[in-house]
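Examination of the molecular architecture
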Amino acid sequence: MKSKILTLVKDALVPSKCVVCGNIIVGAYYMDVLGNKVCMHHKDKAVHCLSCGRLCSKEKATYIGQSQFICETCASNSPQDKDIPPITEYVRKHLSDVGLDGIPDFNLHRVELDELHKISGSASEGCATYDGVHSDIYVLKYLSKTCYAGVLAHEMLHLWQYRNGLSPRQDICEGFCNLGSYEIYKAIGTDVALSRISGLEQDPDPIYGNGFRRVKSVYDTGGWSMVIDKIKSTKK
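Below, the structure is looked at part by part. (Residues numbered from 1 in each chain as written. Predicted model: local features only at pLDDT ≥ 70, side-chain atom pairs only at ≥ 80, totals over all residues. Heavy atoms only, no water.)

1. Looking at the overall build of the protein
When its secondary structure is counted, the protein shows seven helices and 10 strands. Computed over C-alpha atoms, the radius of gyration of the protein comes to 19 Å, within 12% of the 18 Å expected from 2.2 N^0.38 for 236 residues, which places it in the range of a compact globule. Taken along its principal axes, the extent of the C-alpha atoms in the protein is 60 × 40 × 30 Å. Here the protein holds 236 residues, and the buried ones make up 49% of them. The contacts of the protein with a sequence gap of at least 6 include a subset with a gap of at least 24, amounting to 58%. As presented, the protein carries roughly 11600 Å² of accessible surface, and 49% of it is formed by carbon and sulfur atoms. If the 28 positive side-chain charges of the protein are averaged to one point and the 27 negative ones to another, these points end up 3 Å apart. (Helix = DSSP H or I, 4+ residues; strand = E, 2+ residues; numbered from the N terminus. Rg over C-alpha atoms; globule rule 2.2 N^0.38 Å. Buried < 20%, exposed > 50% of the residue type's maximum accessible area, 1.4 Å probe, protein only. Contact = heavy atoms within 4.5 Å. Areas by Shrake-Rupley, 256 points an atom, 1.4 Å probe, with all protein chains shown as cover. Lys, Arg positive; Asp, Glu negative; His and termini not counted. Charge placed at Lys NZ, Arg CZ, Asp CG, Glu CD.)

What follows is the structure, given as structure tokens:
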């Protein structure tokens, strides 16, 4: 979950450029969590990147449907086919190291946003399916490497729950998966990764946001071992 928090800055102490017009901003402006700024005159010409959440020029961004855009930075940093195996192995190993063994093998599909919506009904970044035999993960093809890794971790933990026959309440299910994303973003530690963590922590959604904060409170108390013990208590 990306962060879309905007701060209205009325008194700029350091000269800043607008992401839309490129000119030095005079007076008030809006700023995102990554420090990107847009002047008051061009706020309506700026959009948030679906991948990293940064403010960017609507004209320069890539439109991917469903009123969503990808910024130039993320578009240029989207994983290539050769990048997928090492990223997948990185995520799998990191989750295994915290006690989440047994994530099943899966078929990976990188898809357009419209196709993702058709499969999931609402997901904007990824989804996982399991029919009792086959495991599949679908991830939006335009995500940057960092965001891709975090979304992959989330979906892999859905498969882990399916494989272990777990049936937690929906908010706990999604909060648990978001904790997997949190773990990966924390390990990566870049500005974009930290902004994604901010988005998880401040997400107002009653399922994904509140669920993450509930599961994170358990994590803060007893680490992954306590989280895993509690989630396993939901076994059917």
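Moving on from the coordinates now.
2. Some points on the pattern of salt bridges
Counted by the stated rule, this structure contains nine salt bridges. Across the pair D83 and K82 runs a salt bridge, and its minimum N-O distance is 3.3 Å. We classify D83 as buried; its relative accessible area is 13%. Put simply, R214 and D171 hold a salt bridge, and the shortest N to O gap is 2.6 Å. One end of the pair, R214, is in helix α7 (residues 208–232); the other, D171, is in helix α5 (residues 170–188), with 43 residues separating them in the sequence. (Salt bridge = Lys/Arg side-chain N within 4 Å of Asp/Glu carboxyl O.)

3. Observations regarding the environment of K118
Among the secondary structure elements, K118 is positioned in helix α3 (residues 113–120). Taking the C-alpha atoms as reference, K118 lies 22 Å from A149; in sequence the two are 31 residues apart.

4. Here's the deal with the packing of helix α4 (residues 145–163) against α5
The contact between α4 and α5 brings their axes to 8 Å, and the two run at 145 degrees. When the axes of α4 and α5 are compared, the crossing they make is right-handed. Across from T146, C147, A149, G150, V151, A153, H154, L157, H158, W160 and Q161 in α4, the residues of α5 making contact are C173, E174, F176, C177, N178, G180, S181, I184, Y185 and I188. Considering only residue class, the contact of α4 with α5 consists of 12 nonpolar, eight polar and one charged. (Axes fitted to C-alpha atoms, helices over the stretch in contact; angles between N-to-C directions. Left-handed = near helix turned anticlockwise from the far one by under 90°. Nonpolar A, V, L, I, M, F, W, Y, C, P; charged D, E, K, R; others polar.)

5. Here we look at the sheet that holds strand β10 (residues 135–140)
Strand order in the open sheet formed by three strands is β8-β10-β9, and the pairing between neighbours is mixed. The open sheet has two edge strands, β8 (107–111) and β9 (126–130), and neither has a second partner. When the angles between neighbouring strand axes are averaged without regard to direction, this sheet yields 15 degrees. As defined by bridge partners, β9 adjoins β10 across five bridges and the pair is classed as antiparallel. Each residue of the ladder has a partner; that of G126, found in β10, is V139. Lying on the sheet, α4 is in contact with β8, β9 and β10; it crosses β9 at an angle near 20 degrees. (Pairing = 2+ DSSP bridges.)

6. Section: the packing of aromatic side chains
For the structure shown, the criterion picks out seven aromatic pairs. Here Y130 and Y162 contribute two aromatic rings whose centre-to-centre distance is 6.2 Å and whose plane-to-plane angle is 10 degrees, an arrangement assigned as stacked. Here the residue Y130 occupies a position in strand β9, and Y162 occupies one in helix α4, the gap between them amounting to 32 residues. Judged by its relative accessible area of 35%, Y162 is partly exposed. Relative to W224, the ring of Y219 lies with its centre 6.0 Å away and its plane at 75 degrees, an arrangement referred to as edge-to-face. Joined through ring pairs, the aromatic side chains of W160, F176, Y182, F212, Y219 and W224 make up one cluster. Above the ring of Y30, the side-chain terminus of K43 is found at 5.0 Å from the ring centroid. (Phe/Tyr/Trp six-rings, centres within 6.5 Å; stacked < 30°, edge-to-face > 60°. Lys NZ or Arg CZ within 6 Å of the ring centre and 35° of its normal.)

7. Details of unusual backbone geometry
Of note, the phi angle at Q66 is positive, near 55 degrees, even though the residue is not glycine. The topology assignment puts Q66 in the loop between β6 (62–65) and β7 (68–70). Note on Q66: relative accessible area 39%, which makes it partly exposed. Its identity is not glycine, yet S67 carries a phi of approximately 60 degrees, on the positive side.

8. A few points about helix α6 (residues 191–202)
At 3.6 residues per turn, the α-helix brings residues three or four places apart onto the same side. Between its first and last C-alpha, α6 extends 16 Å over 12 residues, near the 16 Å set by a 1.5 Å rise per residue. Among all positions of α6, only V192, A193, S195, R196, I197, S198, G199 and L200 are buried. Buried-residue contacts for α6 involve α4, α5 and α7. (Expected span 1.5 Å × (residues − 1).)

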